[in-house]
Amino acid sequence: MSLVIGIPREVFAGEKRVATVPEVVEKLIKLGFRIAVESGAGDSANCSDDAYRAVGAEIADSAANLWAGADVVFKVRAPTDDEIALMREGSTLISFIWPAQNAELMQKLAAKKVTVLAMDALPRQLSRAQKMDALTSQASVAGYRAVIEAANAFGRFFNGQITAAGKVPPAKVFIAGAGVAGLAAIGAAAGLGAVVRANDTRAEVADQVKSLGGEFVKVEYEEDGAGGGGYAKVMSEGFQQAQREMYAREAKQADIIITTALIPGKPAPRLITAEMVQSMKPGSVIVDMAAEQGGNCELTVPGEAVVRHGVTIVGYTDLVSRLAKQSSTLYATNLFRLTEELCKTKDGQIDVNMEDDAIRGLTVIKDGEVTWPAPAPKLPAAPVRAAAAPVVKKPAHGHGEPSGPMAARTMAIVFGVAAVLFWLVGAHAPAAFLGHFTVFVLACFIGYMVVWNVKPALHTPLMSVTNAVSSIIAIGALVQIAPPEAGSLARPDEVIRWLALGAIVLSTINMFGGFAVTQRMLEMFRK
């Protein structure tokens, strides 16, 4: 019998997300599951009960009925004590849990003899686990929303403008931390036209910052901050002192600071001091994305936007919920990809395979037994590079002659054969044919040499242009169907007339299609 996946309404204050959306419900049903959604669960994310019904979901009229009938429960936030009391023994819960910070919650869930998969415990270093990485999908939404909140609190344009009323300089944005959220913020701020600078303890993200339109600011202290699972590690005191000095300099210049620094299982590191805030220009903005874990700014008030020393400090802890529809859709997709791994047979049953590194990492409680923390996943060994083969210079002549567009000997043979064929054609063909044939041969030769000497990556745009240019054949077809000159007895044969008409139609398609493809390809390289 198919298992029932239950989607309860989130009860955490201010939480607007829902664990799945109607578009994903359809996919879950195709895996063989029945879907039950608590009435009103998706209202805040613009997913009505009617939308769920339309795709085959059942609507439960109360939380008690939903939890009682669900074999598997999808949630966003960790369950409350009241929700744990409603859980069925032996059921499965998939949600954010944060086991390192919630030891008491883990004991309560284990006492219910349930299986718990924590979306925040996914081993992110596994490449195949990326499709299930809810931390990444939600952090990207938060980073984007942080820029929107900053723009709302800021008193000027982000992009520079020159108007009749005067010149407006672009906003200067500094982003502390270039993880997933930081990179999303860099892309959004740069897209709005701001001058973006960013810093991270991991030197390898510098290229990513530059690729998104930002400038990487390096701390003048040599120490690598890369930690496990894509996170940064705690840095030495010497590095932190050099980092504080750099932040103090940036704070004086920045109009907007967005902080994203978090280390799993630890309070958010303090990066922006009260003195730095006081040194900022009046009207500046700080968006502290680490507010829920204490904040990266010393003056942050979690959940509120406050003004200190003329600087607006935004400490909202619900940035992701402020884009509830988008974040719910991404989270639902992560859960669906996980469900595909749990239900490879597509029969509406799940198999929590503890031999699978990704599933083992997610599973923090199995049938009432705490299995967290999971052992480190077995990563494939890095491939060993083969020794470079010695470079052997080829002789300039003979069998080892270099190969260009066409080897000299091959070209000589081709030209010799072509000359003989050309002589035979010229000796027996009419003079008019000989002229046309000469143009045809030269066109083929030039076209071949042009295409051969172009990089393969450019073949597609080249062919789209040559398709349009080669439609000069339409002129020849028009000549064939044109009325004869006065006094001329030559009239085109009906077969030739219809062939010429067909050539005009096909050439026209070729011509417009070539230019259309070229235009679309050029648009790919424009903002």
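Coordinates for the structure precede this section.
Residues numbered from 1 in each chain as written. Predicted model: local features only at pLDDT ≥ 70, side-chain atom pairs only at ≥ 80, totals over all residues. Heavy atoms only, no water.

> Just checking my understanding: could you explain the overall build of the chain for this structure?
From N to C terminus, the chain includes 17 helices and 17 strands. Burial analysis of the chain (527 residues in total) assigns 39% to the buried set. Accessible area of the chain: about 28900 Å², with a carbon and sulfur share of 61%. (Helix = DSSP H or I, 4+ residues; strand = E, 2+ residues; numbered from the N terminus. Buried < 20%, exposed > 50% of the residue type's maximum accessible area, 1.4 Å probe, protein only. Areas by Shrake-Rupley, 256 points an atom, 1.4 Å probe, with all protein chains shown as cover.)

> Is there a simple way to explain the nonpolar core in this structure?
General note: in soluble globular proteins, nonpolar side chains tend to be found buried as a group. One finds Ile35, Phe74, Ile94 and Leu338 to be the most contacted residues of the largest nonpolar core, which totals 44 residues. Contributions of two or more residues to this core are made by β1 (4–7), α1 (22–30), β2 (34–38), β4 (72–74), α6 (134–153), α11 (324–342) and α12 (357–362). Per-element tally for this core: the top contributor is α11, with seven residues. Val141, Val173, Val196 and Met289 belong to the second largest nonpolar core, which has 34 residues in total. (Core = buried A, V, L, I, M, F, W, Y, C linked by side-chain atoms within 4.5 Å.)

> Teacher, can you tell me more about the pattern of salt bridges here?
Close approach of charged atoms allows side chains with opposite charge to pair. Counting across every chain of the model gives 27 salt bridges. Two residues, Arg77 and Glu292, come together in a salt bridge whose shortest N-O distance is 3.3 Å. On the criterion of sequence distance, the pair formed by Arg77 in the loop between β4 and α4 (81–86) and Glu292 in the loop between β13 (285–288) and β14 (305–308) is long-range, its members being 215 residues apart. Note on Glu292: relative accessible area 45%, which makes it partly exposed. (Salt bridge = Lys/Arg side-chain N within 4 Å of Asp/Glu carboxyl O.)

> Any chance you could explain the packing of α6 against α11 here in plain terms?
A packed helix pair is summarised by two numbers, namely the angle formed by the two axes and the spacing between the axes. Relative orientation of the contacting elements α6 and α11 amounts to 170°, with a least axis distance of 9 Å. Judged by the angle between their axes, α6 and α11 are roughly antiparallel. Here α6 and α11 pass one another in a crossing that is right-handed. Contacts from Ala134, Ser137, Gln138 and Val141 in α6 reach Gln326, Ser327, Leu330, Tyr331 and Asn334 in α11. Class assignment for the residues of the contact of α6 with α11 results in four nonpolar, five polar and no charged. (Axes fitted to C-alpha atoms, helices over the stretch in contact; angles between N-to-C directions. Parallel < 35°, antiparallel > 145°, perpendicular 65-115°, else oblique. Left-handed = near helix turned anticlockwise from the far one by under 90°. Contact = heavy atoms within 4.5 Å. Nonpolar A, V, L, I, M, F, W, Y, C, P; charged D, E, K, R; others polar.)

> Sorry if this is basic, but what is going on with the environment of Lys252 here?
Structurally, Lys252 can be placed in helix α9 (residues 237–253). For the pair formed by Lys252 and Lys281, sequence separation is 29 residues and the distance between their alpha carbons is 7.0 Å. What Lys252 contacts, discounting residues up to four positions off in sequence, is Ser279 and Lys281.

> Looking at this structure, I do not really get the environment of Pro170. What am I missing?
Mapping Pro170 onto the fold places it in the loop between β8 (166–168) and β9 (172–176). Given a relative accessible area of 30%, Pro170 falls into the partly exposed group. Through-space distance from the C-alpha of Pro170 to that of Phe157 is 7.0 Å; in sequence the pair is 13 residues apart. The residues touching Pro170, leaving out its near neighbours within four places in the chain, are Arg156, Phe158, Asn159, Gly160, Gly193, Val195 and Asp255.

> How do you make sense of empty space enclosed by the protein when you look at a structure like this?
Gaps between atoms show up when a probe of the same size as a water molecule is rolled over them. What the rule picks out here adds up to one cavity of 30 Å³ or more. What lines the largest cavity is Ile5, Phe33, Val72, Phe74, Ile94, Thr339, Leu342 and Ile350. Mapped by element, the contributors of at least two residues to the lining of the largest cavity are β4 and α11. Of the residues in the lining of the largest cavity, the class split is seven nonpolar, one polar and no charged. (1 Å grid on protein atoms, 1.4 Å probe; cavity = no way out; pocket = protein on both sides within 12 Å on 5 of 7 lines; lining within 4 Å. Points joined across faces, edges and corners; volume = space filled by probe spheres on them.)

> How should the packing of aromatic side chains be read in this particular structure?
Centre-to-centre distance and the angle between the planes together describe a pair of aromatic rings. Tallied over the full model, the rule gives five aromatic pairs. Between Phe154 and Phe158, the aromatic rings sit 6.3 Å apart at their centres with planes inclined by 80°, giving edge-to-face as the arrangement. When sorted by exposure, Phe154 lands in the same class as Phe158, which is buried. Measuring from ring centre to ring centre gives 5.6 Å for Phe174 and Tyr247, while their planes differ by 70°; the resulting arrangement is edge-to-face. Taken together, the residues span a long stretch of sequence, with Phe174 in strand β9 and Tyr247 in helix α9 at a distance of 73 residues. Across the pair, exposure class does not vary: Phe174 and Tyr247 are buried alike. Taken together, the ring pairs in this structure connect Phe96, Trp98 and Tyr331 into an aromatic cluster. Over the aromatic face of Phe12 sits the side chain of Arg77, whose NZ or CZ is 4.1 Å from the ring centroid. Here Arg322 stacks its cationic end above the ring of Tyr316, 3.8 Å away from the centre of that ring. (Phe/Tyr/Trp six-rings, centres within 6.5 Å; stacked < 30°, edge-to-face > 60°. Lys NZ or Arg CZ within 6 Å of the ring centre and 35° of its normal.)

> In this structure, what is going on with the sheet that holds β9? I would like to understand it.
Each strand in a sheet pairs with its neighbour through backbone hydrogen bonds, running either in the same direction (parallel) or in the opposite one (antiparallel). The sheet built from seven strands is open, its strands ordered β11-β10-β9-β12-β13-β15-β14 with mixed pairing. Either end of the sheet is taken by a strand with one partner, and the two such strands are β11 (215–216) and β14. Of the strand pairs in this sheet, β13 and strand β15 (residues 311–314) are connected by three bridges, and their pairing is parallel. Among the inter-strand pairings, Ile286 is bridged to a residue of β15, identified as Ile313. Its contacts with the sheet place α6 against β12 (256–259), β13 and β15, and it is angled at close to 155° to β13. Contacting β9, β10 (195–199) and β12, α9 crosses the sheet at an angle of about 155° to β9. (Pairing = 2+ DSSP bridges.)

> How should I be thinking about unusual backbone geometry in this particular structure?
Negative phi is the rule for most residues except glycine; trans is the rule for most peptide bonds. Backbone torsion omega between Trp372 and Pro373 reads 0°, so that peptide bond is classified as cis. Looking at where Pro373 falls in the secondary structure, it is placed in the loop between β17 (369–370) and α13 (408–428). One non-glycine residue, Asn46, lies in positive phi territory at about 60°. By the secondary structure assignment, Asn46 is in the loop between β2 and α2 (49–54).

> Got a minute to help me understand the packing of α6 against helix α7 (residues 180–191) in this structure?
Between α6 and α7, the shortest axis-to-axis distance is 7 Å and the interhelical angle comes to 40°. By the criterion of interaxial angle, the relationship of α6 to α7 is oblique. Here α6 and α7 pass one another in a crossing that is right-handed. Contact residues: Thr136, Ala139, Ser140, Gly143, Tyr144 and Val147 in α6; Val180, Ala181, Ala184, Ala185, Ala188 and Ala189 in α7.

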